[in-house]
Amino acid sequence: MDVTALRRETPGCAHRVHLNNAGAGLLSRRTLETMTAHLELEARIGGYEAATERTRDIEETYALVAELVGGKARDVALFDNATHAWQAAFYSLAFGPGDRILTGRSEYGSNVLAYLQVAQRTGAEVVVVPDDEHGQLDVTALANLIDERTKLVGVSHVPTGGGLVNPAAGIGRVTRSAGVPFLLDATQSVGQFPVDVHAIGCDMLTATGRKFLRGPRGTGFLWVGPRMLDRLEPHVNETAASVWDGKRGFTWREGARRFGTWEMGYAGVLGLGSAVRQALDLGLDAIGERATALGAALRERIDAVPGARTYDLGRERCAIVTAKVDGVAAADVKAELTRHGINVTVTPPEQSLFDTEDRGVHPLVRLSPHYYNTEDELDRAVDVLTGLARRGQPR
Ligand SMILES: *Cc1c(COP(=O)(O)O)cnc(C)c1O
């Protein structure tokens, strides 16, 4: 990987040490230009006319997303974010009293809120599968919990607030043999390392464009396995979802497009296509190797600082690093890093309540490098943490 060239093609690298790829990755110049060119075209010739002119590239985005996760273009729907993509799948499942939704301790906050709403509405039950000794979802416990009441297993592959990689393929083996639908929230993993729906064995997968994929904000997608499609009734209907074919009748459209909406921001769709193409060109194996190695190097360096430590769970870890400096609030650590031109975020406790109630460690500072970051940038962040740790411990 030619990191120097990749950095030259990433305008943000000239201005910031960007360690917030779990928030939003930096756009490449090619992706930026793809989007601005389309906005210019819309302004010049009209929005509908611009979309017509770029029909082939718009369609290509579905094929590229499919290739990225190992599926087919007809099984992909595009959305304005990962949350709406996930909701399109989840709210299309039917639940009744006594049905069970199994999830993990690291499930994304919005997903848990949706589970709780549906539980309240239908009398279904939400069951949290315990972690194993590594702090990842316990696959054996999951297998033991699954019974005829289980209508869904919903898991976040990589949580928003930590470096853990859940054993998705192990979960897939269990759900497949039990015949239970498996909805994988792969928002933090897609674009960070290889994610393949068949290797994992999930039935539905969702992700965002803007994080490790380096696509634009306001984009996301859903992949639905062909066998799952007929078991879902799209929770909303509109002209993109179905054909009104009699005064009283309609027919769902082919494939996963039935979950989408007619109106879309095509500059974003084209930008997403550009970002996915770049990830595929670079190779997800190479991307994953470098991102994960930078995460591990950063973790090691922070843990070597007296008065600082990391809090990432799991046997397998990724490029997300969560840390704390003794005696300094996470928000103050973030502010100091910002002062040095280093972008990070803080994990909100209320968005990972299962983990918050279990470990009580949030808020943590979240540093998330990507393949275009350098070891030197990691050192700059660690230097700031070192300075804070010294000041934070006058005792
Ligand atoms: C960011 C995130 C989401 C939500 O993605 P949006 O595109 O903001 O809707 C969902 N799940 C996880 C694990 C995330 O980190």
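Residues numbered from 1 in each chain as written. Predicted model: local features only at pLDDT ≥ 70, side-chain atom pairs only at ≥ 80, totals over all residues. Heavy atoms only, no water.

In plain terms, the rule: UniProt positions are given in the numbering used here, feature names are shortened, and annotations may be inferred rather than shown by experiment.
The name an unreviewed UniProt entry assigns to the protein is Aminotransferase, from the organism Streptomyces cinnamoneus. As stated in UniProt under Cofactor (unreviewed entry), the record for the protein gives "pyridoxal 5'-phosphate".

Overview of the overall build of the protein
In plain terms, the rule: In this text, helices come from DSSP runs of H or I with a minimum length of four residues, and strands from runs of E with a minimum of two, each type numbered from the N-terminal end. With C-alpha atoms as the basis for the radius of gyration, the globule rule is written as 2.2 Å multiplied by the number of residues raised to the power 0.38. Three labels apply to residues, based on accessible area from a 1.4 Å probe with only protein chains included: buried if under 20% of the type maximum, exposed if over 50%, partly exposed otherwise in between. Each accessible area is a Shrake-Rupley result for a 1.4 Å probe, and residues are judged covered by the shown protein chains and nothing else. Positive residues here are Lys and Arg, negative ones are Asp and Glu, while His and the chain termini are left out of the count. Charged side chains are reduced to one point each, which is NZ for Lys, CZ for Arg, CG for Asp and CD for Glu.
On a plain count of helices and strands, the protein comes out with 15 helices and 15 strands. Scaling as 2.2 N^0.38, a compact globule of 395 residues should have a C-alpha radius of gyration of about 21 Å, and the protein matches this with 21 Å. Taken along its principal axes, the extent of the C-alpha atoms in the protein is 75 × 55 × 30 Å. Counting the 395 residues in the protein, one finds 57% classified as buried. A total of about 17200 Å² of accessible surface is found on the protein, and carbon and sulfur atoms cover 50% of it. For the protein, the centre of its 44 positive side-chain charges and the centre of its 50 negative side-chain charges are spaced 2 Å apart.

Notes on the domain arrangement of the protein
Quick note on the threshold: Boundaries between domains were set according to an automatic or database domain assignment. Residue contacts follow a heavy-atom distance rule, with two residues in contact if any of their heavy atoms lie within 4.5 Å. Whenever a carboxyl oxygen of Asp or Glu lies within 4 Å of a side-chain nitrogen of Lys or Arg, that contact is scored as a salt bridge. Polar contact is defined as a pair of N or O atoms within 3.5 Å, subject to the rule that within protein one atom must be able to donate a hydrogen and the other to accept it, and that residues adjacent in sequence are counted only when both atoms are side-chain atoms. Throughout, the ten residues Ala, Val, Leu, Ile, Met, Phe, Trp, Tyr, Cys and Pro are labelled nonpolar, Asp, Glu, Lys and Arg are labelled charged, and all others, Gly among them, are labelled polar.
Here the protein is partitioned into domain 1 (3–19 + 284–392) and domain 2 (29–281). Relative placement of domain 1 and domain 2: their C-alpha centres are 27 Å apart. With 33 residues of domain 1 in contact, the opposing surface of domain 2 contributes 31 residues. Viewed at the interface, domain 2 and domain 1 are joined by 1 salt bridge. A salt bridge links Arg 105 to Asp 358; the nearest nitrogen and oxygen atoms lie 2.9 Å apart. In this assembly, domain 1 and domain 2 are joined by 12 residue pairs in polar contact (both at pLDDT 80 or more). When grouped by side-chain class, the residues that make up the side of domain 1 that touches domain 2 number 13 nonpolar, 9 polar and 11 charged.

Here we look at the site of the ligand
This is how the line gets drawn: Any residue with a heavy atom positioned within 4 Å of a molecule or strand is treated as near that molecule or strand.
Neighbouring the ligand are the residues Asn 81, Ala 82, Thr 83, Tyr 108, Val 158, Thr 160, Asp 185, Thr 187, Gln 188, Thr 208, Arg 210 and Lys 211. Between Thr 187 and the ligand, the recorded distance is 3.5 Å, taken from a side-chain N or O atom to a nitrogen atom. Between the ligand and Thr 208, the relevant distance is 2.6 Å, taken from an oxygen atom to a side-chain nitrogen or oxygen of the residue. Looking at the shell around the ligand residue by residue, the class counts come to 3 nonpolar, 6 polar and 3 charged.

Regarding the packing of helix 5 (residues 82–90) against helix 6 (residues 109–122)
The line we're drawing: The axes are straight lines fitted to the C-alpha atoms, using for helices just the contacting stretch, and the angles between their N-to-C directions are given from 0 to 180°. In what follows, roughly perpendicular refers to angles from 65 to 115 degrees, roughly parallel to angles under 35, roughly antiparallel to angles over 145, and oblique to any angle outside these ranges. Crossing handedness follows the turn of the near helix against the far one: under a right angle anticlockwise gives a left-handed crossing, and clockwise gives a right-handed one.
With their axes 11 Å apart at the nearest point, helix 5 and helix 6 run at an angle of 30° to one another. Relative to helix 6, the element helix 5 is oriented roughly parallel. The element helix 5 and its partner helix 6 pack so that their crossing is right-handed. Between helix 5 and helix 6, the residues in contact are Thr 83, Trp 86 and Phe 90 and Ser 110, Asn 111, Ala 114, Tyr 115 and Val 118, respectively.

Overview of helix 15 (residues 375–392)
Selection rule: In this analysis, the expected span of each helix is defined as 1.5 Å times one less than the number of residues it contains.
Along its 18 residues, helix 15 runs 25 Å from first to last C-alpha, staying within 8% of the 26 Å computed at 1.5 Å per residue. Of the residues making up helix 15, those classed as buried are Glu 377, Leu 378, Ala 381, Val 382, Val 384, Leu 385, Thr 386, Leu 388, Ala 389 and Gly 392.

Regarding the packing of helix 11 (residues 266–282) against helix 12 (residues 284–303)
Working note: a packed helix pair is described by the angle between its axes plus the distance between those axes. At a minimum axis distance of 5 Å, the contact between helix 11 and helix 12 shows a crossing angle of 85°. As the angle between them shows, helix 11 and helix 12 are arranged roughly perpendicular. For the pair helix 11 and helix 12, the contacting residues are Ala 279, Leu 280 and Leu 282 in the first and Leu 284, Ala 286 and Ile 287 in the second. Here the residues of the contact of helix 11 with helix 12 sort into 6 nonpolar, no polar and no charged.

Observations concerning the environment of Ile 302
Relative to the helices and strands, Ile 302 resides in helix 12. When its relative accessible area of 0% is taken as the criterion, Ile 302 is described as buried. For the pair Ile 302 and Lys 324, spaced 22 residues apart in sequence, the C-alpha separation works out to 9.2 Å. Leave out the neighbours within four places in its chain, and Ile 302 touches Ala 308, Arg 309, Thr 310, Val 321, Ala 323, Leu 367, Val 382 and Leu 385.

Focus on the packing of aromatic side chains
For any pair of aromatic rings, geometry is given as the distance between the ring centres together with the angle between the planes. Note the threshold: In this analysis, rings of Phe, Tyr and Trp, with Trp reduced to its six-membered ring, are considered paired at centre separations within 6.5 Å, and the interplanar angle assigns stacked below 30 degrees, edge-to-face beyond 60, and tilted for intermediate values.
Within the structure shown, the criterion is met by 8 aromatic pairs. Ring geometry for Phe 90 and Phe 95: centres 5.5 Å apart, planes at 40°, overall tilted. Judged by its relative accessible area of 0%, Phe 90 falls in the buried class. An angle of 80° between the planes, with centres 5.3 Å apart, marks the rings of Phe 90 and Tyr 115 as edge-to-face.

Points about the sheet that holds strand 6 (residues 182–185)
This is how the line gets drawn: Strands are treated as partners if at least two bridges between them are detected by DSSP.
Spatial ordering of the open sheet is given by 2-8-7-6-5-3-4, a layout of 7 strands whose pairing is mixed. Looking at which strands have only one partner, the edges of the open sheet turn out to be strand 2 (76–79) and strand 4 (125–129). In this sheet, adjacent strand axes meet at a mean angle of 20° when their direction is disregarded. Bridge count for strand 5 (residues 150–156) against strand 6 is 4 bridges, and the pairing is parallel. Within strand 6, the position partnered with Val 155 by the bridge is Leu 184. Sitting on the sheet, helix 4 (residues 55–69) is in contact with strand 2, strand 7 (204–208) and strand 8 (220–224), with an inclination near 110° to strand 2.

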